Amino acid sequence: MPRLLEDKVAIVTGAAHGIGRGHALELARHGARVVVNDVGSSVRGEGEGKDADEVVELITGRGGAALADYSDIADADRVEALFENTVAEFGRVDIVVNNAGIARDRMIWNMTPDDFDTVMRVHVRGSWLTTHHAARHWRERVKAGERIRGRIINTTSGAGLSGNMGQSNYATAKAAVVGLTLTTSLELYKLGVTVNAVGPGGMTRLTATMGADLVPFEPDELGADEYHPMDPAGSSPLVAWLASDEAQHVTGQVIRAIHDKIHLMGGWHEARSICSGEKRWEATALGASIAADLFGTRAAGLR
C-alpha cells in the first residue's frame, strides 16, 4: 500500500481516545511520526492523566514512531513547549490536527458561565494556540529559504454547522473553529500551508454523553477492514489525505465525513437579496419586501 505521509511529522491533539486516536493511528499507518497529545482529562475537561501512552504503544508496536505529550492544549506555555519538544525529537512539524475537545451539555437556562468558558477555552483557544505556533514555525522555515507544505486540519461538528439542543457552548465553539479555519487559510496560503476543517462522526466519549444507552468504543477495537457506521476513525482517511501533498490545492474547506459519506459543506452565502434603490431603508416598509422577496412567506402578487 502506498503511504501518503512518509516521514511527515504530525501533532494530533486530543489523540488518546475516539476520533483523535483514530487520526493518530491512521497518520502513523501512512508513515507519519506522530506526537500524541492528550491531557488525559474526563469528557468534562476535569483531571489529568497519561492516556496518550496507550496510543503511542499501539503505534510503536506496529513499527511506527510516536511521542506522548500531556499538555493542556489551551495553556499557552505548554503549547509552546509542545512545539519545541516536537522539533527537538523529530526535527520539524508538518501537520497539526486540532481535535481536542470536551463537552458540558445543558440547556442554556441551566448552563453556567464556567460551562461555556471551559468549552470555548479547549475548542477555540486550544485550536488557535496550536495554529499560532505552527504558523510561526512555518514562517521561520520559509524565511530560511525552505519550501513548506504545512497542514492544519481543524475539527468542527454538525452542532456548529446546524445547531443542537443543549449545546450552546459546544455549537458556538465549533462554529468559531470554522471562522478560524477560513481566516487562517487566507493568511497562511502564501507560505504553502493549507487549513481545512473536518466534521467527523463516531461513537465517542463525547457522543455517548447525549444518551444513557450510548456506549463509546475505540477505533482499534474494530478489525483493519471492518466497517461500522459509527467508527470513531471514519473520518481519519480523509484527514490523512488532507494532510498529504496530494491535497495542496485544497484549503479553506469544510468537509463532513459521516458514516460512509463525505460531504463538502457550502457554508454561508447570499441566498436572496432585496435592494433599496440607493435609498435609506424604511423600517415600516421592510415587512412586505422581506416576506415576499427574502423569506417567501407571502405571495408577491402582480407588480
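Up top is the structure these notes are about.
**Student:** Would you mind going over the environment of D53 in detail, with residue names and values included?
**Tutor:** Following the sequence through the fold, D53 ends up in helix α2 (residues 52-61). For the pair D53 and M265, spaced 212 residues apart in sequence, the C-alpha to C-alpha distance is 35 Å. Among residues more than four places away in sequence, those in contact with D53 are A68 and Y70.

**Student:** Give a description of the packing of helix α4 (residues 113-143) against helix α6 (residues 168-188) that names residues and reports values.
**Tutor:** Following both chains from N to C, one finds α4 and α6 inclined at 15 degrees, their axes separated by 8 Å at the closest point. Between α4 and α6, the angle is such that the two are roughly parallel. Crossing geometry of α4 relative to α6 is assigned as right-handed. Together, D115, F116, V119, M120, H123, V124, S127, W128, T131 and A135 of α4 and S168, N169, Y170, T172, A173, K174, A176, V177, L180, T184 and L188 of α6 make up the contact between the two elements.

**Student:** Which residues make up the sheet that holds strand β5 (residues 151-155), and what values go with them?
**Tutor:** On the basis of which strands lie adjacent, the open sheet formed by eight strands has the order β3-β2-β1-β4-β5-β6-β7-β8 and mixed pairing. Because the sheet does not close on itself, it has two edges, and the strands there are β3 (66-69) and β8 (261-264). Pairs of neighbouring strands in the sheet enclose a mean axial angle of 20 degrees, with direction left out of account. The sheet contacts of α2 involve β2 (33-37) and β3, and relative to β3 the element is tilted by about 180 degrees. Contacts between α6 and the sheet are confined to β5, β6 (194-200) and β7 (254-258), with β6 contributing the most and set at about 160 degrees to the helix.

**Student:** Go over empty space enclosed by the protein with me, naming the residues and quoting the values.
**Tutor:** Summed over all chains, the structure comprises one cavity of 30 Å³ or more. Counted as a void, the largest cavity has a volume near 30 Å³. Of all the elements, α4 adds the most residues to the lining of the largest cavity, at three residues. The residue makeup of the lining of the largest cavity, split by class, is three nonpolar, five polar and no charged.

**Student:** How would you summarise the packing of helix α3 (residues 76-90) against α4 if you had to cite specific residues and measurements?
**Tutor:** Direction vectors running N to C along α3 and α4 enclose 40 degrees, while the axes themselves pass 10 Å from each other. What the angle tells us is that α3 and α4 run oblique. Considering how the two elements wind past one another, α3 and α4 form a crossing that is right-handed. Across from A76, V79, E80, F83 and V87 in α3, the residues of α4 making contact are R125, L129, T130, H133, A134 and H137.

**Student:** Can you break down the pairing of β2 residue by residue, with the values?
**Tutor:** The element β2 is extensively covered by neighbouring structure, given that four of its five residues are classed as buried. On the question of chirality, the crossover connecting strand β1 (residues 9-13) to the parallel β2 by way of helix α1 (residues 18-29) is right-handed. Where β2 lies against β3, four bridges are found, and the strand directions are parallel. Bridge pairing in β3 places N37 opposite D69.

**Student:** Can you explain helix α8 (residues 283-295)? Please cite residues and give values.
**Tutor:** Where α8 bends most, the angle comes to about 40 degrees, and this point is S289. Looking at the residues trailing α8, positive phi occurs at G296, about 65 degrees.

**Student:** Tell me what's going on with the pattern of salt bridges, and back it up with residues and numbers.
**Tutor:** The final tally for this structure, using the stated rule, is 15 salt bridges. Its salt-bridge partner being D220, residue R21 comes within 2.7 Å of it at the nearest N-O pair. Linking R21 in helix α1 with D220 in the loop between β6 and α7 (236-243), this pair joins segments that are 199 residues apart in sequence. Classification of R21 as buried rests on a relative accessible area of 2%. Take D220: its relative accessible area is 25%, and that puts it in the partly exposed class.

**Student:** Give me the lowdown on the environment of Q248, citing residues and values where you can.
**Tutor:** Relative to the assigned elements, Q248 resides in the loop between α7 and β7. Residues Q248 and R151, spaced 97 residues apart in sequence, show a C-alpha to C-alpha distance of 8.8 Å. Those residues in contact with Q248, other than ones at most four positions away along the chain, are R149, R151, Y189, G192 and T194.

**Student:** Give me unusual backbone geometry: which residues, what numbers.
**Tutor:** Its identity is not glycine, yet H259 carries a phi of approximately 55 degrees, on the positive side. Note that H259 resides in the loop between β7 and β8. Look at E278: it is not a glycine, yet its phi comes out positive at around 60 degrees. By secondary structure assignment, the location of E278 is in the loop between β8 and α8.

**Student:** A description of the pairing of strand β4 (residues 95-98) should follow, citing residues and the corresponding values.
**Tutor:** Residues I95 and V97 of β4 are buried on one face, and the alternating residues V96 and N98, pointing to the opposite face, are buried as well. Here three bridges tie β1 to β4, and the two strands are oriented parallel to one another. Residue V12 lies in a different strand from β4, and its bridge partner there is V97. Here four bridges tie β4 to β5, and the two strands are oriented parallel to one another. Its bridge partner being in β5, V96 is matched across the sheet by I152. A crossover links β4 with its parallel partner β5, the connecting element being α4, and its sense is right-handed.

Cut-offs used in this document
- Residues numbered from 1 in each chain as written.
- Predicted model: local features only at pLDDT ≥ 70, side-chain atom pairs only at ≥ 80, totals over all residues.
- Heavy atoms only, no water.
- Helix = DSSP H or I, 4+ residues; strand = E, 2+ residues; numbered from the N terminus.
- Contact = heavy atoms within 4.5 Å.
- Axes fitted to C-alpha atoms, helices over the stretch in contact; angles between N-to-C directions.
- Parallel < 35°, antiparallel > 145°, perpendicular 65-115°, else oblique.
- Left-handed = near helix turned anticlockwise from the far one by under 90°.
- Pairing = 2+ DSSP bridges.
- 1 Å grid on protein atoms, 1.4 Å probe; cavity = no way out; pocket = protein on both sides within 12 Å on 5 of 7 lines; lining within 4 Å.
- Points joined across faces, edges and corners; volume = space filled by probe spheres on them.
- Nonpolar A, V, L, I, M, F, W, Y, C, P; charged D, E, K, R; others polar.
- Buried < 20%, exposed > 50% of the residue type's maximum accessible area, 1.4 Å probe, protein only.
- Right-handed = clockwise from strand over helix to strand, strands pointing away.
- Bend = angle between axes of the 7 residues up to and from the residue.
- Salt bridge = Lys/Arg side-chain N within 4 Å of Asp/Glu carboxyl O.

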